[in-house]
Amino acid sequence: MEIRIGLISPYEGMITVANELAKKRGFTLFACTALLENATDVARDMESKGVDVIMVREGTELYLRNVLKIPIVPIRMSGTDILRAVLKAREMSKKIALAQFPRVHRDIDIIQKAAGCDLTVFEFVTKEEARRKIEKLRGNVEVLVGGGLTAKMAEAFGIKSVLIETSIHWISDAVNLACDIAIARWEEKSKREQIATIIDLVPTGILAVDEQYRFSVCNKAAEKLLGAHREKLVGNTNYKVLK
């Protein structure tokens with residue numbers, strides 16, 4: 001059993017940590033750095049190459065949720081991670097903005113009190129929305145705290161940036177969960193293959209449909225009786241193929 005787990009990260013440090021954790025669990029990690037704008041293409045490429053599970057940060061997970069067929073494990077960013085980045089920005093200036101996805105960052109009011117400064121907080125969903133809001137900050141904000149995409153945009157508009165980095169224990173939690181999911185998928189696949197082999201040995205024709213009325217099972221005896229190949233049947237909802 002070869003477990004293949006993908007990681008899309010906005011910075012190299014996360015990949016370094018995840019690689020060490022992967023070695024301890026004994027699986028291969030396929031990792032690369034990519035910002036939000038490129039994550040979809042990278043994820044699809046990983047999926048096409050047989051990756052079992054993909055790990056991404058929370059914000060990126062929102063974009064990939066309806067794109068992939070394989071499981072996605074989000075890597076959390078805690079309030080502590082955000083506070084650490086804000087304190088680093090505080091050393092540069094008191095004029096700080098925090099970029100976030102809706103309902104992702106937590107405890108913003110507590111972070112502001114702990115950092116001893118007022119944060120200009122804005123939310124965004126799309127790349128274009130982020131660009132517009134960051135452009136409006138010019139002249140009012142000197143440092144932006146955010147993820148890989150917003151940090152890069154801020155620098156392009158002449159605003160200093162601090163990237164929010166994820167704590168090791170959150171990366172570890174994601175790696176362990178991704179590994180457990182991948183193992184479960186392999187075990188389920190093995191059981192399906194065993195059952196398929198047994199069904200194929202049954203001399204009686206067996207044809208079944210799933211909840212969406214798609215043909216889901218067709219053994220060799222059924223192929224012979226129907227005069228149709230299972231590749232043509234399985235996954236099909238058109239019953240005319242039986243004629």
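In case you missed it, the structure is sitting above this.
Read on for an overview of the structure. Residue positions are given per chain, counting from 1 as you read along its sequence in written order. Confidence filtering applies because this is a predicted model: local features only for residues at pLDDT of at least 70, side-chain atom pairs given and counted only at 80 or more, and all residues used for totals across whole chains, interfaces and linings. Excluded from the side-chain calculations are hydrogens and water; all other atoms, namely the structure's heavy atoms, are used.

Focus: the packing of helix α4 (residues 79-90) against helix α5 (residues 108-115)
Phase 1 of the analysis: Each axis is a line fitted through C-alpha atoms, and for a helix only the stretch in contact is used; angles between axes span 0 to 180 degrees, taken between their N-to-C directions. Numbering of helices and strands starts at the N terminus; helices are DSSP runs of H or I of at least 4 residues and strands are runs of E of at least 2. Where α4 meets α5, the closest approach of the two axes is 10 Å, and the angle between their N-to-C directions is 35°. α4 and α5 meet at a crossing whose hand is right-handed. Contacts between α4 and α5 pair Gly79, Ile82, Leu83, Val86, Leu87 and Arg90 from the former with Ile111, Ala114 and Ala115 from the latter.
Phase 2 of the analysis: The nonpolar class holds Ala, Val, Leu, Ile, Met, Phe, Trp, Tyr, Cys and Pro. Asp, Glu, Lys and Arg form the charged class, and all remaining residues, Gly among them, are polar. Of the residues assigned to the contact of α4 with α5, the class counts are seven nonpolar, one polar and one charged. Left-handed describes a crossing whose near helix is turned anticlockwise from the far helix by less than a right angle; the clockwise case is right-handed. Throughout, a contact is declared for two residues whenever any of their heavy atoms are within 4.5 Å.

Quick word on the packing of helix α6 (residues 127-137) against helix α7 (residues 148-156)
Phase 1 of the analysis: Interaxial distance between α6 and α7 falls to 10 Å at its minimum, and their mutual angle equals 40°. Comparing the axis directions of α6 and α7 gives the class oblique. Note on packing geometry: the crossing formed by α6 with α7 is right-handed. Counting all contacts with α6, which are made through Lys127, Ala130, Arg131 and Ile134, the residues of α7 involved are Leu149, Thr150, Met153 and Ala154.
Phase 2 of the analysis: Its residues placed into classes, the contact of α6 with α7 shows five nonpolar, one polar and two charged. Convention used here: angles under 35 degrees read as roughly parallel, angles over 145 as roughly antiparallel, angles from 65 to 115 as roughly perpendicular, and any remaining angle as oblique.

A few points about the state of the cysteines
Phase 1 of the analysis: Note on terminology: disulfide denotes any pair of cysteine sulfur atoms within 2.5 Å. A full pass over the atoms with the stated rule returns zero disulfides.
Phase 2 of the analysis: Cys179 forms no disulfide, and the closest cysteine sulfur to it belongs to Cys32, at a distance of 20 Å.
Phase 3 of the analysis: Working definition: with a 1.4 Å probe on protein chains only, accessible area under 20% of the residue-type maximum means buried, over 50% means exposed, and in between means partly exposed. On the basis of relative accessibility, which here comes to 2%, the residue Cys179 falls in the buried class.

Details of the packing of aromatic side chains
Phase 1 of the analysis: Only rings of Phe, Tyr and Trp enter the pairing, Trp through its six-membered ring, and a pair is recorded when the two centres are within 6.5 Å. The plane angle decides the type: under 30 degrees is stacked, over 60 is edge-to-face, the rest tilted. Tallied over the entire structure, the rule returns three aromatic pairs.
Phase 2 of the analysis: Between Tyr63 and Phe101, the aromatic rings sit 6.2 Å apart at their centres with planes inclined by 70°, giving edge-to-face as the arrangement. Highlighted residues: Tyr63 in helix α3 (residues 58-64) and Phe101 in the loop between β5 (96-100) and α5, separated in sequence by 38 residues.
Phase 3 of the analysis: Tyr63 sits in the partly exposed class, given a relative accessible area of 30%.
Phase 4 of the analysis: Given a relative accessible area of 14%, Phe101 falls into the buried group.
Phase 5 of the analysis: Between the aromatic rings of Phe101 and Phe124, the centroid separation amounts to 4.7 Å while the plane-to-plane angle is 40°, which identifies the pairing as tilted. Of the two residues, Phe101 is situated in the loop between β5 and α5 and Phe124 in the loop between β6 (119-123) and α6; the sequence distance between them amounts to 23 residues. By the burial criterion, Phe101 is buried, and Phe124 matches it.
Phase 6 of the analysis: Charge over a ring is defined by NZ of Lys or CZ of Arg lying within 6 Å of the ring centre and within 35 degrees of the ring normal. In this structure, Arg76 packs its charged tip against the face of Trp170, placed 4.2 Å from the ring centre.
Phase 7 of the analysis: For Lys189, the ring lying beneath its charged end belongs to Trp186, and the centroid distance is 5.1 Å.

Considering the sheet that holds β6
Phase 1 of the analysis: DSSP bridges decide pairing: two strands pair if at least two such bridges lie between them. Across the sheet, which stays open at both edges, the four strands sit in the order β6-β5-β7-β8 with parallel pairing between neighbours. The sheet is open, and its two borders are formed by β6 and β8 (160-163), each paired with just one other strand. Ignoring strand direction, the axes of neighbouring strands in this sheet form an average angle of 25°.
Phase 2 of the analysis: As defined by bridge partners, β5 adjoins β6 across five bridges and the pair is classed as parallel. Bridging from a neighbouring strand, Ala99 pairs with Phe122 of β6.
Phase 3 of the analysis: Here α6 sits on the sheet in contact with β5, β6 and β7 (143-146), set at roughly 155° to β6.
Phase 4 of the analysis: Contacts between α7 and the sheet are confined to β5, β7 and β8, with β8 contributing the most and set at about 165° to the helix.

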